[in-house]
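Single-letter residue listing:
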Amino acid sequence: MNAYMDIINQYFFSIINKYRISVLLALLFSSFTNAAVLEFDKATDYIDEGRGVYVFTVTSSDSDIESNSSTGSNSSRSVSYTIAGSAIAGSDYSVMTSGILNWDPSDGEDKTFTITLIDDALVESDETIVVTLNNPTGGDTLGPINQIVVTVGDNEDPLQFSAASYSVDEAAGSILLS
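Since we're looking at a predicted model, the values are computed, not measured.

Visitor: Help me get a handle on the overall build of the chain, residues and values and all.
Guide: Broken down by element type, the chain carries 2 helices and 9 strands. Each helix and strand of the chain, ordered N terminal to C terminal, gives the series α-β-β-β-α-β-β-β-β-β-β. Taken over 178 residues, the chain has a buried fraction of 26%. When contacts within the chain are restricted to residue pairs at least 6 apart in sequence, those whose partners lie at least 24 apart make up 70%. When the accessible surface of the chain is split by element, carbon and sulfur atoms take 56% of a total near 11,400 Å².

Here's what the structure looks like:
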């Protein structure tokens, strides 16, 4: 009976040792399957201030995360963003300086958020809205495009005269400038 048990033990342990590395690697990699790389869809863009809104898109590298929920991870994921730049919140765009994008455990889709542009009547130079991603949760990481710079172009025509110079006789009293 001992010889029979020895043969079973040898066979059993040889199978376990043969597949141990494969099982360990599978377990190791399955613990990372819900992690995604989060980043903007582009690093720079341009919009005219009269366009109304700008839509920011944050991409998630794990668009197939729903199938990964079998790994047992039920954690929600999120990433914060901050808004800065030369454009002024409340004067050039809606009053918003930060926010958070959230993903449910089975959600791997890209997320968007918008900024409403304010079309003022001021003649001004182009301004920028700089949005930076930070603090990803749920094991996610930031990709290389973790900041976007949007240049907001002015749509007012600057005041211009129809001629480069005008002259008038002092006794004429007035001049019409156009």
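Still more ground to cover, so stick around.
Visitor: Talk me through the nonpolar core; I want residue IDs and the actual numbers.
Guide: By size, the foremost hydrophobic cluster in this structure holds 23 residues, and its most contacted members are Phe40, Phe56, Val58, Phe113, Ile129 and Val131. Leave out the neighbours within four places in its chain, and Val131 touches Phe40, Phe56, Tyr81, Thr82, Ile83, Phe113, Asn146, Gln147 and Ile148.

Visitor: So what's going on with the packing of aromatic side chains? Residues and values would help.
Guide: Given two aromatic rings, their pairing is described by the distance between the two centres and the angle made by the two planes. Counting across every chain of the model gives 4 aromatic pairs. The interplanar angle of 10 degrees and the centroid separation of 4.9 Å between the aromatic rings of Phe56 and Phe113 together place this pair among those described as stacked. Here Phe113 lies in strand S6 (residues 111–116) and Phe56 lies in strand S3 (residues 53–60), a separation of 57 residues in the sequence. Here Phe56 falls in the buried class, since its relative accessible area comes to 2%. Ring geometry for Tyr81 against Phe113: centres 3.8 Å apart, planes inclined by 10 degrees, an arrangement best described as stacked. Pair noted here: Tyr81 is in strand S4 (residues 77–84) and Phe113 is in strand S6, with a separation of 32 residues, a long-range link. Residue Tyr81 is classed as buried on the basis of its relative accessible area, which comes to 5%. The class for Phe113 is buried, based on a relative accessible area of 7%. Following the ring pairs from residue to residue traces out a cluster consisting of Phe40, Tyr54, Phe56, Tyr81 and Phe113.

Visitor: Got a sec to walk through the pairing of S4? Specific residues and values, please.
Guide: In terms of burial, S4 is largely enclosed, as 6 of its 8 residues are buried. Note that S4 and strand S7 (residues 127–134) share 5 bridges and pair antiparallel. Paired with Ser80 across the strands is Asn134, a residue of S7.

Visitor: Got a sec to walk through the sheet that holds strand S9 (residues 147–153)? Specific residues and values, please.
Guide: As a general point, the strands of a sheet are linked pairwise by backbone hydrogen bonds and lie either parallel or antiparallel. If you trace the 5 strands from one edge of the open sheet to the other, you get S2-S9-S7-S4-S5, paired in mixed fashion. On the outer flanks of this sheet lie strand S2 (44–48) and strand S5 (98–103), each paired with one strand and no other. Along the sheet, successive strands turn relative to each other by an average axial angle of 20 degrees, direction set aside. Pairing analysis gives 5 bridges linking S2 to S9, with the strands arranged parallel. Looking at the pairing, Asp48 lines up with Gly153 of S9.

Visitor: Describe the environment of Tyr81, naming the residues involved and giving the relevant values.
Guide: In this structure, the C-alpha to C-alpha distance between Tyr81 and Leu101, residues 20 residues apart in sequence, is 8.0 Å. Setting aside residues no more than four positions away along its own chain, Tyr81 makes contact with Met96, Thr97, Ser98, Gly99, Ile100, Leu101, Phe113, Val131, Thr132, Leu133 and Asn134.

Visitor: With reference to specific residues and values, describe the side chain of Glu39.
Guide: Topologically, Glu39 is positioned in strand S1 (residues 37–40). Lacking a salt bridge, the buried Glu39 has Arg77 as its closest oppositely charged neighbour, with an N-O distance of 12 Å. At 3.1 Å, the side chain of Glu39 forms a polar contact with the backbone nitrogen of Ile145. Leaving out residues up to four positions away in the same chain, Glu39 has contacts with Thr57, Val58, Thr59, Leu133, Gly143, Pro144 and Ile145.

Visitor: Let's hear about the sheet that holds S1: which residues, and what values?
Guide: With mixed pairing, the 4 strands of this open sheet are ordered in space as S6-S3-S1-S8. Only two strands of the sheet have a single partner each, and these edge strands are S6 and strand S8 (141–142). When S1 meets S8, the two strands line up parallel, connected through 2 bridges. For Val37, the partnering residue across the bridge sits in S8 and is Thr141.

About the thresholds
Residues numbered from 1 in each chain as written. Predicted model: local features only at pLDDT ≥ 70, side-chain atom pairs only at ≥ 80, totals over all residues. Heavy atoms only, no water. Helix = DSSP H or I, 4+ residues; strand = E, 2+ residues; numbered from the N terminus. Buried < 20%, exposed > 50% of the residue type's maximum accessible area, 1.4 Å probe, protein only. Contact = heavy atoms within 4.5 Å. Areas by Shrake-Rupley, 256 points an atom, 1.4 Å probe, with all protein chains shown as cover. Core = buried A, V, L, I, M, F, W, Y, C linked by side-chain atoms within 4.5 Å. Phe/Tyr/Trp six-rings, centres within 6.5 Å; stacked < 30°, edge-to-face > 60°. Pairing = 2+ DSSP bridges. Axes fitted to C-alpha atoms, helices over the stretch in contact; angles between N-to-C directions. Lys, Arg positive; Asp, Glu negative; His and termini not counted. Salt bridge = Lys/Arg side-chain N within 4 Å of Asp/Glu carboxyl O. Polar contact = N/O pair within 3.5 Å; in protein donor to acceptor, adjacent residues only side chain to side chain.

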